[in-house]
Amino acid sequence: MIYLLQRLGRTTCNSLAKTGRSAFFLAHGLSGVTDIALRPYLLIKQLYSVGVLTLLIITISGLFVGMVLGLQGYYTLSDFGAEESLGVMVAASLVRELGPVVSALLFAGRAGSALTAEIGLMKATEQLSGMEMMAVDPIKRIISPRLFACILSVPLLAAIFSSIGVIGGHLVGVGMLSVDEGAFWSQMQSNIDFYDDIVNGIIKSVVFGFMVAWIALFEGYDAVPTSEGVSRATTRTVVNSSFSVLALDFILTALMFGDI
Amino acid sequence: MIPSMEKRGQPQNIVSIKNLSFSRHDRKIFDDISLQIPRGKITAIMGPSGTGKTTLLKLIGGQIKADQGEIKVDEQAIGELSLSGLYALRKKMGMLFQSGALLTDLTVYDNVAFPLREHTRLTESMIRTLVLMKLQAVGLRGARDLMPNQLSGGMARRVALARAIALDPTMIMYDEPFTGQDPISMGALLHLIKTLNNTLGLTSIIVSHDVQETAAIADYIFILANGKIVDQGTPPQIADTQSDWVKQFMGGDADGPVRFHYPAPDYADDLLMLGK
């Protein structure tokens, strides 16, 4: 019994301490914005490695998700004779939910895990320590560009995901299932609101990008510098960021679209 | 040592540590130790693995904070410096990590240029000249376009050394520079450490357990064990030590005050399971 209590106490203390460390880490990372302004090439390099290199998985997944939406939506809507609303259904689900959420989950798997492993290995091979001894702040030099690159690229990736998804839905709905093309586009145009749907979707993906970047970078920076420690940290990144993306999605949806 | 390199008015000791204590996870790593590191000399800190030799270098570099006591580098107390003050002081220190700690995404050239680009506003052509000079000093001018993963362990350490002297520091700390080196790279490193120290007027601190090699170039030796300084002196003084422990350590004997066997019940009893 006492042992269990001790364990509970230790776990609580450890997780509180970790939360505190991660908050300081984030503040320090965000303060690196001035250094990025002086050296934009650091940010551009990271935009390429976290953003551009994630593009392939985002476009292909977006296409298939859109196609599935077109197919499933058609079967459901045709029961009610409302096939013409397929365009709205596909676009609304993508822009409001699937675009931000699925692209953030894919981003966590593709770029987040890579970031954790990279930072963790830099720590294990004393590169971060070496920078500190060369009087270069590793958080500002290594972490900040990656943090801002994630915050900038996730909304863009989500937008691309949604656009490609709409094309996928069109391909299946109009191309294969002969939904009227005019109705597909015009219903989408009249029913998707710029502020309610698109802006809210962008806000969601900015928040998700921020969350995934924070978790991935902190897990890497805080990793135990051994091969086992880095592998555990990488797993934690994918698990924790997927979990927080989904949980935050619920909270944000409730705030944006619900009457809670 | 070149006497003219010792500027007048500068205190004789570049690092002075007073009553330092440090523990990690309830284990005492340093227990009230004091030591002085003289300017312009090669000082070796030796001791068995796990005695916190690397920790001592990290304490001197201000990467971790001491629990008690005072560490002064160049008359500045490390514990009381602000982060920017600490970074300013670190520009005067070079550190050679055991792994080399080269940035793996940059070439040899860019690794050596890294501190110059971060801390100076020199033109690229000036940086090129300086980088080539530093690489020439370690004999790797021809390897400038290689990536760190194409270098052997000894070469990586020499590149790291070129990077450590890029900003012309007044002090270099070497963390286990000889571990895992073949005799030729070992000879090259020994020669480099000695000549750099003499020609650039540096102060060198070598942390090592390669006893013979380190003793060959050191001017003064501290031996650490169990959180204490167990012996100190010039290499001949250490060689004539009265302490059995230091004799065993310097000679590398398998058995002595430090037993070969980890404490265990009697061997015969154990085999016959009489103890259980």
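I will try to describe carefully the structure that is included in this document.

Calculation rules
Every chain's residues receive numbers from 1 upward, in the order its sequence appears when written. Written order decides the labels, with chains lettered from A and ligands numbered from 1. Predicted model: local features are reported for residues with pLDDT of at least 70 only, side-chain atom pairs are reported and counted for 80 or more only, and whole-chain, interface and lining totals are derived from all residues. Hydrogen atoms and water are omitted, and side-chain values are computed over all heavy atoms in the structure. Only residues above 30% relative accessible area that lack a salt bridge enter a patch, with like-charged residues linked at up to 9 Å and the nonpolar side chains Val, Leu, Ile, Met, Phe, Trp and Tyr linked at up to 5 Å. Accessible areas in this description were obtained via Shrake-Rupley with a 1.4 Å probe; residue shielding takes into account the shown protein chains only. Put simply, a salt bridge is a Lys or Arg side-chain nitrogen that is within 4 Å of an Asp or Glu carboxyl oxygen. Secondary structure counts use DSSP, requiring at least four H or I residues in a row for a helix and at least two E residues in a row for a strand, with both numbered from the N terminus. Note on geometry: axes are C-alpha line fits, over the in-contact stretch for helices, and angles between N-to-C directions span 0 to 180 degrees. Relative orientations are named as follows: roughly parallel for angles under 35 degrees, roughly antiparallel for angles over 145 degrees, roughly perpendicular for angles from 65 to 115 degrees, and oblique for any other angle. If you view the pair so one helix is near and one far, a crossing is left-handed when the near helix is turned anticlockwise from the far one by less than a right angle, and right-handed when it is turned clockwise. Think of it as three bins: nonpolar holds Ala, Val, Leu, Ile, Met, Phe, Trp, Tyr, Cys and Pro, charged holds Asp, Glu, Lys and Arg, and polar takes everything else, Gly as well. By definition in these notes, contact holds between two residues if any of their heavy atoms fall within 4.5 Å. Two parts lose some accessible area (1.4 Å probe) when they are put together, and adding that loss for both gives the buried area. Polar contacts here mean pairs of N or O atoms no more than 3.5 Å apart (in protein, one a potential hydrogen donor and the other a potential acceptor; neighbouring residues in sequence count only if both atoms are side-chain atoms). Burial classes follow relative accessibility: with a 1.4 Å probe on protein chains only, a residue under 20% of its type's maximum area counts as buried, one over 50% as exposed, and anything between as partly exposed. Two strands pair under a simple rule: DSSP has to find at least two bridges between them. Using a 1 Å grid laid over the protein atoms alone, points where a 1.4 Å probe fits but cannot get out form a cavity; open sets with protein on both sides within 12 Å along at least 5 of 7 lines form a pocket; any residue with an atom within 4 Å of a point counts as lining. Grid points are joined across faces, edges and corners, and a volume is the space filled by probe spheres set on the points.

## Let's talk about a nonpolar patch on the surface
The grouping of Tyr48, Val52, Leu53, Leu55 and Ile160 of chain A at the surface amounts to a nonpolar patch, some 400 Å² of accessible area in total. Within the secondary structure, Leu55 of chain A sits in helix H4 (residues 55-79).

## Describing the packing of helix H5 (residues 86-124) of chain A against helix H9 (residues 194-222) of chain A
All names here are of chain A. Taken N-terminus to C-terminus, the directions of H5 and H9 make an angle of 20°; their axes are 8 Å apart at the nearest point. By the angle between their axes, H5 is roughly parallel relative to H9. You can see that H5 and H9 cross each other, and the crossing is right-handed. Considered class by class, the residues forming the contact of H5 with H9 number 14 nonpolar, six polar and seven charged.

## Considerations on the interface of chain B and chain A
At the junction of the two partners, chain B supplies 22 residues and chain A supplies 16 residues. Taking both partners together, chain B and chain A bury about 1800 Å²; carbon and sulfur atoms supply 55% of that area. Our count for the chain B to chain A interface comes out at three salt bridges. The shortest N-O distance in the salt bridge between Arg141 of chain A and Glu118 of chain B comes to 2.6 Å. Linking chain B with chain A are eight residue pairs in polar contact (both at pLDDT 80 or more), by the criterion used here. Residue assignment for the side of chain B that touches chain A shows that the elements contributing at least two residues are helix H2 (83-90), strand S6 (93-96) and helix H3 (108-119) of chain B. Ranked by residue count, the leading element in the side of chain B that touches chain A is H3 of chain B, at four residues. Grouping the amino acids of the side of chain B that touches chain A by side-chain chemistry returns 10 nonpolar, six polar and six charged.

## Details of the environment of Ala158 of chain A
Residue and element names in this part refer to chain A. Examined against the element boundaries, Ala158 turns out to sit in helix H7 (residues 138-176). Since its relative accessible area comes to 5%, Ala158 is described here as buried. Taking the C-alpha atoms as reference points, Ala158 and Val102, separated by 56 residues in sequence, lie 8.2 Å from one another. Leaving out residues up to four positions away in the same chain, Ala158 has contacts with Gly99, Pro100, Ser103 and Ser205.

## Side note on the sheet that holds strand S1 (residues 13-24) of chain B
Neighbouring strands of a sheet are bound in pairs by backbone hydrogen bonds; such pairs are parallel or else antiparallel. Residues and elements named next belong to chain B. One open sheet accounts for four strands, arranged S2-S1-S4-S5; its pairing is antiparallel. Pairing within the sheet leaves two strands with one partner each, and these edge strands are strand S2 (27-38) and strand S5 (76-77). In terms of strand pairing, S1 meets strand S4 (residues 68-73) through five bridges, oriented antiparallel. Each residue of the ladder has a partner; that of Ser21, found in S4, is Gln68. Most of the contacts of helix H1 (residues 53-60) go to S1, to which it runs at about 120°, and overall it touches S1, S2 and S4.

## Some thoughts on empty space enclosed by the protein
Over the atoms, a rolled probe matching the size of one water molecule traces out where space is still vacant. Scanning all chains against the criterion turns up three cavities of 30 Å³ or more. Lining of the largest cavity is provided by 14 residues; of these, Met134 of chain A together with Met93, Gly94, Arg163 and Ala164 of chain B occupy positions nearest its centre. Of all elements in the fold, only helix H6 (127-133) of chain A together with S6 and helix H5 (153-164) of chain B reach the threshold of two or more residues within the lining of the largest cavity. Looking at the lining of the largest cavity residue by residue, the classes come out as nine nonpolar, two polar and three charged.

## Describing the layout of surface pockets
Quantified by volume, the largest pocket comes out at close to 1500 Å³. Along the walls of the largest pocket sit 43 residues, with Lys123 and Ser129 of chain A together with Lys58, Gln63 and Ile64 of chain B positioned nearest its centre. For the lining of the largest pocket, the per-class residue count stands at 16 nonpolar, 14 polar and 13 charged. A volume near 600 Å³ is recorded for the second largest pocket. Lining of the second largest pocket is provided by 24 residues; of these, Arg39, Tyr41, Leu42 and Arg141 of chain A together with Glu118 of chain B occupy positions nearest its centre. The set of elements that each furnish at least two residues to the lining of the second largest pocket consists of helix H2 (33-38), helix H3 (40-51), H5 and H7 of chain A together with H3 of chain B. When residues of the lining of the second largest pocket are assigned to their parent elements, the largest contribution, five residues, is made by H3 of chain B. In terms of residue class, the lining of the second largest pocket is made up of 10 nonpolar, three polar and 11 charged.

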